[in-house]
Amino acid sequence: MSAIATEAGLAGTVAPGRAGLIRQAIAERKAAALGLGLIVFFVVLAVAAPLIAPYSTTARSCAVFAPPSGAHWLGCDDGGIDVLSEIISGGRISLVIGFAATLIAMLIGGGVGIASGYFGRWLDITLMRITDYLLVIPDLAFAMVIADVWGPSLSHVIGVIAILEWATTARIIRAQVMSVKERVYIKRARSIGASHARIIGRHILPQVGPLLMANTVLTVAVAIYLETALAFLGLEDPTTTTWGTILEHAFDRSAVSAGAWWAIVPDGIVITLLIMGCFLLGQAIEDALNPRLRVAHLSSRRWALRPLAGRGPDAI
Amino acid sequence: MTSDRVVHDAAASSAAMTGDQALLDVRDLQTRYPVRRSISDRLARRPRQWVRAVDGVSFSLRRGEMVALVGESGCGKTSTAQTILRMTEAAGGSITVDGQDITSVSQRKLRPLRRGIQMVYQDPYESLDPRFRVRQTVAEPLLVHGIGGSSSERAALVTEALERAGLSPASLYLDRYPHELSGGQRQRVAIAAALALDPMLLLADEPVSMLDVSVRAGVLALLDGLRRDGRLGVLMITHDLSTAARFADRIAVMYLGRIVEYGPAREVVADPRHPYTKALLSVVPNRDPRVRGTAQILSGETPNPVAIPSGCRFRPRCPIAEDRCAQTDPQLALSGNHPQHQAACLLASLAGGGAAAVWSANQASRGAAARRRGIPAPRHAPRRPRARGTRSASGA
Amino acid sequence: MSGAGAAVLEVRDLNVWFTLPGGGELHAVQGVSFDLGAGERFGLVGESGCGKTTSILAMMGLLPPTASVAGEVRLAGQDILAGGEDSVRPHRWTDMAMVFQGAMNALNPVRPVAAQIAEPILLHGGGSAAAARQRAGELLELVGIPAASGARYPHEFSGGMRQRAAIAMALACEPKVLLADEPTTALDVMVQAQIMDLLVRLCDELGLALVLVTHDLPVVAQVCQRAAVMYAGEIVETGSTDALYHQTRHPYTRMLFAATPDLYSDSEVRSIPGAPPRLDRPVPGCPFQPRCDSALDRCADERPLLRDVRAGSGPEAPAETGFADAAHLAACHLNDAVVTQ
């Protein structure tokens, strides 16, 4: 389509840059806006937790497994602690783990991907074998072993998730770098005498940046999911309150048999919402970056026939 | 080796004849690329094969001059430019720029030398970073080489380069992105980026082949004007003989990694000596439909440079090849009436009439041979525009 | 000059619009009309974006859903565009075929060439598989490839041979009209000569009518009997290639010739300043006026019509009867002045 549009005299119109594409993706897609909205909502909630949370998460404020009421909207857990307050505060650490792990994973994954794709040769071979190794190991099993060996602590959980998540990103970024590297403007920069650092920093990084961003958002979702899973399996510091430990506590203290659904369901819903938000946004960015996904080549729609009503004077 | 000596002498004599010191002097340049070996090749321990992309190329270029390397794809013209730029390492021979041999200078020492040699690429849609404004693209070489200390100095240099490239007033273009420019303007931005470093040698690889016909002339005139100012020399790589004939001082026709004909542009076009040049010229279409030339359409395409034929490399497709062409690899030698006109053909040294006679005689016998082998003989439709010439059926 | 008798292909007032993503519409082809006789070679020349490729894609009914089309495309007198996609489909490939730009790179890399040529024959009811294979071999021979090579894969073919195979594919269902979109760009000069030679031979031998879309004026001059020069979506001059060169009646044609370096003449090579107008808004006057070197005052707001500009014909002679053998039409006000003088 774009080729035809260009052929048809549209050469002068403005094609959006990649950053523009992301903005456009969000503007055009309700799903992306919804995703972004969800993420922003939870971030604001986490940052403002001490101000918003109605009760303390350490001190008792009501009866054990008290059902939802006007004073306690989401009821209380086994220790008589307000569930709503727990969820609001627990989001803080869950998000910190999610974002921190993702940041580390992106730094490693982006760095490895760029180095591997740009320099190639033995470096590429070495780094990609490590990546392959991490990719074939089952995530959860590996995380359980590491977390168990290292012992439960916040930083360990972040570390485990980061180690697990960088490999996928490295693969994706490497592929992109390898194709960008062959572009003529990169060759031109090399022939000018530009250093590798400059070429990577000024030409390659901006080109893979949006892709890295899409990946970051998607990885946050996976990281939060992993955090929940690890906490649920008891591989996280039990004294901290995260969305994962809330679930774990509830199960531990047989909230299910007590019929206290409010100790489990709301927590599960917020986890799902945040993961969904990340996926919606990440997917939208990916779609926007890859125009091939947008064009429906095999669409059943066809060109239209138009009656030549207002025949101009130049009609023959 | 005697053959090497001949090559050197030919280049040396042309340098001597052109008077002052050459800006670029390429001698017997060779570039090879390894052919990827398959696993079975490795298991069988077959020796690694090499693509001899550039196989003994010599020419020189002075400031203020434009030399055109002409040939079909795979003839080694782009590899020659890549080797001169040191983007590809030479396997042999030497490259001298402004008196300094740069053939084996280390990459570190090469950096300051790169200032002097700039390249303009074929596709201006590809050679500009889509996220760089014109200002950034043109300033980048300055930043890389640490020229123009303050940003205002640099801005002045950028403006000067843009205006030298015909984008005037520069302020109109500085803040635009490549996609906001037309093809011709993009190519001018690419040229401006090359000019920012005030180079002495500009390598232009098919600088107009991706542009619309209506703007090509402008870009070519720009390159022509730049070299006529005398500050730099231009090595233009092109497949278009019309362009080369019009704008270059000298033409080097390349075939399979070798220059097969070399001389003043007008001479090469008016009095081609090598059968390959003759064939190339004969297929250039005339824009006047009344002038129907005799097209000498060679069959087949440029052969694989991994297996270069013995003797004369053009022999298998040559319409006038004789037995001795299989034995001797012809070197560039004076040919024709101009003292700087050289051709690498054993039969080119014959006087004009003689060569023509050999040509037509061989044509006749080849046609007969082709018929015997059951290859349809070329037909001679009277109204057919281009194919009235005999098509040679090359030895398969 | 052109094929005697009835025209094989008549294009009348072809218009194409594209709906733009941000709203608005782009009038890419604006009233293109021409005729083509059997065995005739017709050139469609112009810069990128002039609508030449869009025109032939519209004739084949191969435009994307964002396009809408008006006008007539008559094959042997029958308007195949009348019923939209449904009425074009039966004629596509069987009566009118197309060689796409870069067709040589569009072959399936994992299937032998002959099998790919046999496929459309089978799809269009060409009988048994063996017969289709037989026919594929004949087609390859026709375009100058030994039938035995058909068992080879595209990557074993050179660019020129792949392009020949692409032409053979287009000829599979024995069309009467062949539309070729820049069939030789990206090919070497010698291969270009071979392919053009082949197209000329096919027209002569099979009585095939050829529409050659290209930006290369000299190629058209040598290959085609007649041509149309397109600018900003419309034909600005059409006639025999001889008349276009020797009695040029539109400044754009003249300037295009002047912008083409010529091996055989010493005339100065001059580029055309400026750029074509955008087609997403109406152009009031002559679309070429801003770039024209001899524009009159009226050119800015009065659109010139295609008129017969043969010597002797009055300025009022409409193009109604046009497109006859030696018709020479141009859309330029300068011709009115010339004729009235």
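Residues numbered from 1 in each chain as written. Chains lettered and ligands numbered in written order. Predicted model: local features only at pLDDT ≥ 70, side-chain atom pairs only at ≥ 80, totals over all residues.

Enquirer: I'm lost on the overall build of chain B in this one. Help?
Expert: Along chain B, the regular secondary structure elements total 12 helices and 12 strands. Put simply, chain B has 396 residues, and 52% of those count as buried. Residue pairs in contact within chain B that sit at least 24 positions apart in sequence constitute 67% of those at least 6 positions apart. (Helix = DSSP H or I, 4+ residues; strand = E, 2+ residues; numbered from the N terminus. Buried ≥ 20, exposed ≤ 12 C-beta atoms within 10 Å, placed from the backbone. Contact = placed C-beta atoms within 7 Å.)

Enquirer: Hey, could you run me through the overall build of chain A in this one?
Expert: Within chain A, the secondary structure is distributed over 12 helices and 1 strand. Helices and strands in chain A line up, N terminus first, as α-α-α-α-α-α-α-α-α-α-α-α-β. Relative to its full complement of 316 residues, chain A shows a buried share of 40%. Within chain A, residue pairs in contact and separated by at least 24 positions form 73% of the contacts whose partners lie at least 6 positions apart.

Enquirer: Just checking my understanding: could you explain the interface of chain B and chain A for this structure?
Expert: In many reports, interface size means the accessible area that the parts give up when they come together. Between chain B and chain A, the contact holds 20 residues from the first and 17 residues from the second. For the side of chain B that touches chain A, the secondary structure elements donating two or more residues are helix H4 (107–114) and helix H5 (134–144) of chain B. With 3 residues, the top contributor of residues to the side of chain B that touches chain A is H5(B). Looking at the side of chain B that touches chain A, its residues break down into 8 nonpolar, 4 polar and 8 charged. (Nonpolar A, V, L, I, M, F, W, Y, C, P; charged D, E, K, R; others polar.)

Enquirer: I keep staring at the interface of chain B and chain C and nothing clicks. Help me out?
Expert: In this assembly, 36 residues from chain B lie in contact with 37 residues from chain C. Elements supplying a minimum of two residues to the side of chain B that touches chain C: helix H8 (213–228), helix H9 (241–247) and helix H11 (275–282) of chain B. Ranked by residues supplied to the side of chain B that touches chain C, first place goes to H8(B) with 6 residues.

Enquirer: What should I look at first to understand the environment of C:His91 in this one?
Expert: Residues and elements named next belong to chain C. In this fold, His 91 is placed in the loop between helix H2 (85–88) and strand S6 (96–99). Using a count of 22 C-beta atoms within 10 Å as the deciding quantity, one classes His 91 as buried. Each C-alpha atom, one on His 91 and one on Pro 120, is 13 Å from the other, the two residues being 29 residues apart in sequence.

Enquirer: Can you help me understand the sheet that holds S6(C) in this one?
Expert: Pairing between the strands of a sheet is mediated by backbone hydrogen bonds and can be parallel or antiparallel. All names here are of chain C. On the basis of which strands lie adjacent, the open sheet formed by 8 strands has the order S6-S7-S8-S3-S9-S10-S12-S11 and mixed pairing. The sheet is open, and its two borders are formed by S6 and strand S11 (307–308), each paired with just one other strand. Here S11 runs beside strand S12 (residues 329–330); their pairing, made up of 2 bridges, is antiparallel. Across the sheet, the residue bridging to Asp 308 is Leu 329, located in S12. In the packing of helix H5 (residues 159–170) onto the sheet, contacts are made with S6 and strand S7 (177–181), and the angle to S6 comes to roughly 165°. (Pairing = 2+ DSSP bridges. Axes fitted to C-alpha atoms, helices over the stretch in contact; angles between N-to-C directions.)

Enquirer: What's the story with the pairing of strand S1 (residues 24–34) of chain B in this structure? I'm lost.
Expert: Residues in a regular strand point their side chains to alternate faces of the sheet. Residues and elements named next belong to chain B. With 5 bridges connecting them, S1 and strand S4 (residues 92–97) associate as antiparallel partners. By the bridge assignment for S4, Leu 24 is matched with Val 97. Pairing between S1 and strand S2 (residues 50–61): 9 bridges, direction antiparallel. When the bridges of S2 are listed, Leu 29 appears paired with Val 57.

Enquirer: Explanation requested: helix H10 (residues 196–232) of chain A in the structure shown.
Expert: Along an α-helix, a turn takes 3.6 residues, which lines up residues three or four apart on a common side. Taking 1.5 Å of rise per residue, 37 residues should cover 54 Å, yet H10(A) covers just 45 Å from first to last C-alpha, more than 12% shy of that figure. Where H10(A) terminates, the next one or two residues include A:Gly234, which has phi positive at roughly 80°. (Expected span 1.5 Å × (residues − 1).)

Enquirer: It is not clear to me how the sheet that holds S4(B) should be interpreted in this structure. Could you clarify?
Expert: Residues and elements named next belong to chain B. Across the sheet, 4 strands lie side by side as S2-S1-S4-S5; this open sheet has antiparallel pairing. The sheet terminates laterally at S2 and strand S5 (100–101), the two strands that pair on one side only. Where S4 meets S5, 2 bridges bridge the pair, whose relative direction is antiparallel. Bridge assignment links Thr 96 to a residue of S5, and that residue is Asp 101.

Enquirer: Is there a simple way to explain unusual backbone geometry in this structure?
Expert: Only a minority of non-glycine residues have a phi that is not negative, and only a minority of peptide bonds are not trans. All names here are of chain B. With an omega of 0°, the peptide bond between Ser 168 and Pro 169 qualifies as cis. Its place among the elements puts Pro 169 in the loop between helix H6 (151–164) and helix H7 (183–195). Residue Asp 198 is not a glycine yet carries a positive backbone phi of 50°. With respect to the helices and strands, Asp 198 occurs in the loop between H7 and strand S7 (201–205). You will see that Glu 206, though not glycine, has its phi angle at about 45°, which is positive. Along the polypeptide, Glu 206 turns up in the loop between S7 and H8.

Enquirer: How do you make sense of the environment of B:Glu72 when you look at a structure like this?
Expert: Along the chain, B:Glu72 turns up in the loop between strand S3 (66–70) and helix H3 (77–84). Classification of B:Glu72 as buried rests on a count of 20 C-beta atoms within 10 Å. Through-space distance from the C-alpha of B:Glu72 to that of B:Val253 is 9.3 Å; in sequence the pair is 181 residues apart. Not counting the four nearest positions on each side in its chain, B:Glu72 is found in contact with B:His239, B:Thr302, C:Asp188, C:Val189 and C:Met190.

Enquirer: Please explain the pairing of strand S8 (residues 209–214) of chain C as it appears in this structure.
Expert: Residues and elements named next belong to chain C. Along S8, 6 of the 6 residues are buried, which leaves the element largely enclosed by surrounding structure. When strand S3 (residues 41–45) meets S8, the two strands line up parallel, connected through 5 bridges. Counterpart to Phe 42 in the pairing with S8 is Val 211. The pairing of S7 with S8 spans 5 bridges and is classified as parallel. Bridge pairing in S8 links Leu 178 to Leu 210. Assessed by its sense of winding, the connection that carries the chain from S7 through helix H6 (residues 189–206) to S8 is right-handed. (Right-handed = clockwise from strand over helix to strand, strands pointing away.)

Enquirer: How do you make sense of the confidence of the model for chain A when you look at a structure like this?
Expert: It should be kept in mind that the predicted coordinates are not to be read in detail where pLDDT is low. All names here are of chain A. Within chain A, residue pLDDT values average 81, and 86% of them lie at 70 or more. For chain A, helix H1 (residues 2–10) is the element with the lowest average pLDDT, namely 37, and helix H6 (residues 121–136) is the one with the highest, namely 92. Contacts for the low-pLDDT stretch residues 1–16, under 50 throughout, to residues beyond four places or in other chains number 37 contacts. Confidence drops under a pLDDT of 50 for residues 310–316, and excluding neighbours within four residues, the segment shows 11 contacts in the predicted structure. (pLDDT = per-residue confidence, 0-100.)

Enquirer: It is not clear to me how the nonpolar core should be interpreted in this structure. Could you clarify?
Expert: Within soluble globular proteins, side chains that are nonpolar generally end up buried alongside one another. Within the largest apolar cluster, 300 residues are counted, with the highest numbers of intra-cluster contacts made by B:Ala192, B:Val253, C:Ile117 and C:Val229. Ranked by residues supplied to this core, first place goes to H10(A) with 15 residues. Residues in contact with B:Val253, not counting those within four places in the same chain, are B:Val70, B:Gly71, B:Ile259, B:Val260, B:Glu261, B:Val268, B:His274, B:Tyr276, B:Thr277 and B:Leu280. (Core = buried A, V, L, I, M, F, W, Y, C linked by C-beta atoms within 7 Å.)

Enquirer: Would you mind going over the confidence of the model for chain B with me for this structure?
Expert: Residue and element names in this part refer to chain B. Averaged over chain B, the pLDDT score is 81; the fraction of residues at 70 or greater is 83%. When the elements of chain B are averaged for pLDDT, helix H12 (residues 352–372) gives the smallest value, 42, and S3 the largest, 95. Here residues 1–19 scores under 50 on pLDDT; set against residues more than four positions off or in separate chains, the count is 26 contacts. Across residues 351–396, confidence stays below pLDDT 50; counting only partners more than four residues off in sequence or on other chains, it has 63 contacts.

Enquirer: Before we go on, may I ask you to explain the packing of helix H7 (residues 139–150) of chain A against helix H8 (residues 154–181) of chain A in this structure?
Expert: Axes are the key here: two packed helices are described by the angle between their axes and the distance separating the axes. Residue and element names in this part refer to chain A. Where H7 meets H8, the axes come as close as 10 Å, and the angle between the chain directions of the two elements is 145°. Regarding H7 and H8, the two cross each other, and that crossing is right-handed. Within the contact between the two elements, H7 uses Asp 139, Phe 142, Ala 143, Ile 146, Ala 147 and Trp 150 and H8 uses His 156, Val 157, Val 160 and Leu 164. A per-class count over the contact of H7 with H8 returns 8 nonpolar, 1 polar and 1 charged. (Left-handed = near helix turned anticlockwise from the far one by under 90°.)

Enquirer: Looking at this model, I keep getting lost on the environment of B:Asp175. Mind explaining?
Expert: Residue and element names in this part refer to chain B. You can see Asp 175 is positioned in the loop between H6 and H7. On the basis of neighbour count, Asp 175 is assigned to the exposed category, with 11 C-beta atoms found within 10 Å. As a C-alpha pair, Asp 175 and Leu 298 span 123 residues in sequence and 49 Å in three-dimensional space. Ignoring sequence-local partners within four residues, the contact set of Asp 175 consists of Arg 133 and Arg 135.

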